[in-house]
Amino acid sequence: MKNILVIGATGQIGSELTMKLRSIYGNEHVVAGYITGAEPKGELKESGPAEICDVTDAAGIEGVVKKHQIDAIYNLAALLSVVAESKPKLAWKIGIDGLWNVLEVARMNNCAVFTPSSIGSFGPETPHDNTPQDTIQRPITIYGVSKVTTELLSDYYHKKYGVDTRSVRFPGLISYVTPPGGGTTDYAVDIYYSAVRGEKFICPIAAGTYMDMMYMPDALNACVQLMEADPTRLIHRNGFNIASMSFDPEGILAAIRKYKPEFEMEYKVEPLKQANADSWPNSLDDICARQEWNWKPQYNLDTMTVDMLEKLKVKLLG
Ligand code: AKB
């Protein structure tokens, strides 16, 4: 990869991935694509090129690709699961019509494409424990429907046109940098903010509900590692199960209480989030990612908790 375009560069993943890619490939070689109203700020703005790049505007994407001689696109534009459910048509327009635009531009301009899938691509009939790489995917949310379509369409463009498409199924992502918005797994970020602010946490997900989660540094490494992987070793492409930890609200509460014994939590379950969580896996089997491109996470629940509490203390309390 010589010149990279990140679409959705100011979002939860994009804001950190753009900076990581700049640190690897050079600031001038990574373009931060954003939409009006979500302009890059601070270091993201100062450190490298930025362009308006709306995933629903194919001509606009092509203009940026040609101007910067882009050969790899990280397509991160999407609505998360809860907000998608309230705007299904928009979720499809961004997630699938947008993906079509990206894939067509990639096909015409010889670009590799990374478009994340999610644990939301699974459904109630999927085996919930140690969910295999290749298994039943019959999601019951528009988010999941669009993620399965993302996987299939990306595979199709690879098989039919030779476009170098690759992706992972992200678990809930936890970070102290840019907060997520409108996801089912957001509670696992919000809980750290409450703990550091010394507030009681109201948990929207019921005790005993296990979901895969991952600390952002591992998620960023996964993106880069997969895109750099030797293509001759890839049996799968879109998208790989990746895993590092699985816990329920009681598990993350206990991890935080190890360092903040006074921290309190109360349950007020939100039905839509709970229904999503109940239909998703408890834990993924990521053996294919480990075998095909040497995936190996660095963080577990305890090491993530130590880092989150430390970094959020500086961010929120100075
Ligand atoms: C969400 O909760 O919607 C996302 C996801 C797991 O894809 N974090």
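Refer to the structure above for everything that follows.
Computed from a predicted structure; not experimentally measured. (Residues numbered from 1 in each chain as written. Predicted model: local features only at pLDDT ≥ 70, side-chain atom pairs only at ≥ 80, totals over all residues. Heavy atoms only, no water.)

Novice: I would appreciate a short explanation of the packing of aromatic side chains in the present structure.
Specialist: Given two aromatic rings, one states the distance between the centres and the angle between the planes to describe the pair. Evaluated as defined, the whole model comprises nine aromatic pairs. Relative to Tyr-157, the ring of Trp-100 lies with its centre 5.8 Å away and its plane at 85°, an arrangement referred to as edge-to-face. Of this pair, Trp-100 sits in helix α5 (residues 88–109) while Tyr-157 sits in helix α6 (residues 142–161), placing them 57 residues apart in sequence. Given a relative accessible area of 43%, Trp-100 falls into the partly exposed group. With centroids separated by 6.2 Å and ring planes inclined at 70°, the aromatic side chains of Tyr-156 and Tyr-157 adopt a geometry described as edge-to-face. Judged by relative accessible area, Tyr-156 falls into the partly exposed class, the value being 41%. A relative accessible area of 1% places Tyr-157 in the buried class. These aromatic residues form a ring-pair network of at least three members: Trp-100, Tyr-156, Tyr-157 and Tyr-161. A cation sits over an aromatic face here: Arg-107 above Tyr-161, 4.5 Å from the ring centre. (Phe/Tyr/Trp six-rings, centres within 6.5 Å; stacked < 30°, edge-to-face > 60°. Helix = DSSP H or I, 4+ residues; strand = E, 2+ residues; numbered from the N terminus. Buried < 20%, exposed > 50% of the residue type's maximum accessible area, 1.4 Å probe, protein only. Lys NZ or Arg CZ within 6 Å of the ring centre and 35° of its normal.)

Novice: Please explain the site of the ligand as it appears in this structure.
Specialist: The immediate surroundings of the ligand are formed by Leu-80, Ser-81, Ser-118, Ile-119, Tyr-143, Gly-183, Thr-184, Thr-185 and Trp-280. A distance of 2.6 Å separates an oxygen atom of the ligand from a polar side-chain atom of Ser-118. One of the side-chain N or O atoms of Tyr-143 is found 2.6 Å from an oxygen atom in the ligand. Burial of the ligand by the protein amounts to 94% of the accessible area it has alone, namely 260 Å². Grouping the amino acids of the shell around the ligand by side-chain chemistry returns four nonpolar, five polar and no charged. (Near = heavy atom within 4 Å. Polar contact = N/O pair within 3.5 Å; in protein donor to acceptor, adjacent residues only side chain to side chain. Areas by Shrake-Rupley, 256 points an atom, 1.4 Å probe, with all protein chains shown as cover. Nonpolar A, V, L, I, M, F, W, Y, C, P; charged D, E, K, R; others polar.)

Novice: In this structure, what is going on with α6? I would like to understand it.
Specialist: Since the α-helix packs 3.6 residues into each turn, any two residues three or four apart lie on the same face. For α6, with 20 residues, the first-to-last C-alpha span of 27 Å sits near the 28 Å given by 1.5 Å per residue. Residues Ile-142, Tyr-143, Gly-144, Ser-146, Lys-147, Val-148, Thr-150, Glu-151, Leu-153, Ser-154, Asp-155 and Tyr-157 constitute the buried set of α6. Buried positions along α6 lie against α4 (81–86), α5, β6 (117–118), β7 (165–166) and β8 (168–170). Positioned one or two residues after α6, Gly-162 has a phi angle of 75°, which is positive. (Expected span 1.5 Å × (residues − 1). Contact = heavy atoms within 4.5 Å.)

Novice: So what exactly am I meant to see when it comes to the side chain of Thr-126 here?
Specialist: Among the secondary structure elements, Thr-126 is positioned in the loop between β6 and α6. Within polar-contact distance, the side chain of Thr-126 engages the backbone oxygen of Ile-136 at 2.7 Å. Apart from residues no more than four positions distant in its own chain, Thr-126 is found in contact with Thr-131, Thr-135, Ile-136 and Gln-137.

Novice: Please clarify how the sheet that holds strand β3 (residues 50–52) should be interpreted in this entry.
Specialist: Taken in spatial order, the six strands make up an open sheet running β3-β2-β1-β4-β5-β7, and their pairing is parallel. Every interior strand has two partners, whereas the edge strands, β3 and β7, have only one. Sheet topology note: the strand β4 (residues 72–75)/strand β5 (residues 112–114) ladder contains three bridges and is parallel. In the strand pairing of β5, Ala-72 is matched with Ala-112. Strands in contact with helix α3 (residues 58–67) are β1 (4–7), β2 (30–34), β3 and β4; relative to β1, the strand with the most contacts, it is inclined by about 155°. (Pairing = 2+ DSSP bridges. Axes fitted to C-alpha atoms, helices over the stretch in contact; angles between N-to-C directions.)

Novice: Can you help me understand the nonpolar core in this one?
Specialist: Nonpolar side chains in soluble globular proteins tend to end up buried together. The biggest cluster of nonpolar side chains holds 61 residues, and the ones touching the most others in it are Ile-174, Tyr-187, Tyr-192 and Phe-247. Counting residues per element, this core draws most heavily on helix α7 (residues 187–197), at eight residues. When near neighbours in sequence (up to four residues on either side) are disregarded, Ile-174 contacts Ala-188, Val-189, Tyr-192, Met-213, Met-214, Tyr-215, Met-216, Phe-247, Met-304 and Met-308. (Core = buried A, V, L, I, M, F, W, Y, C linked by side-chain atoms within 4.5 Å.)

Novice: Explain the environment of Glu-39 to me, please; I cannot follow it from the model alone.
Specialist: By the element assignment, Glu-39 lies in the loop between β2 and α2 (42–46). Classification of Glu-39 by relative accessible area gives partly exposed; the value is 38%. Sequence separation between Glu-39 and Ala-50 is 11 residues, and the spatial gap between their C-alpha atoms is 8.8 Å. Among residues more than four places away in sequence, those in contact with Glu-39 are Thr-10 and Tyr-34. Within the structure, Glu-39 has its side chain in polar contact with the backbone nitrogen of Gly-37 (distance 3.0 Å).

Novice: Can you help me understand the packing of α7 against helix α9 (residues 249–257) in this one?
Specialist: How two helices pack is summed up by the angle between their axes together with the distance between the axes. Direction vectors running N to C along α7 and α9 enclose 30°, while the axes themselves pass 11 Å from each other. Here α7 is positioned roughly parallel relative to α9, judged by the angle of their axes. Crossing angle aside, the handedness with which α7 passes α9 is right-handed. Judged by residue contacts, Tyr-187, Ala-188, Ile-191, Tyr-192 and Ala-195 of α7 engage Pro-249, Ile-252, Leu-253 and Ile-256 from α9. (Parallel < 35°, antiparallel > 145°, perpendicular 65-115°, else oblique. Left-handed = near helix turned anticlockwise from the far one by under 90°.)

No statement about biological role is implied by the geometric values presented.
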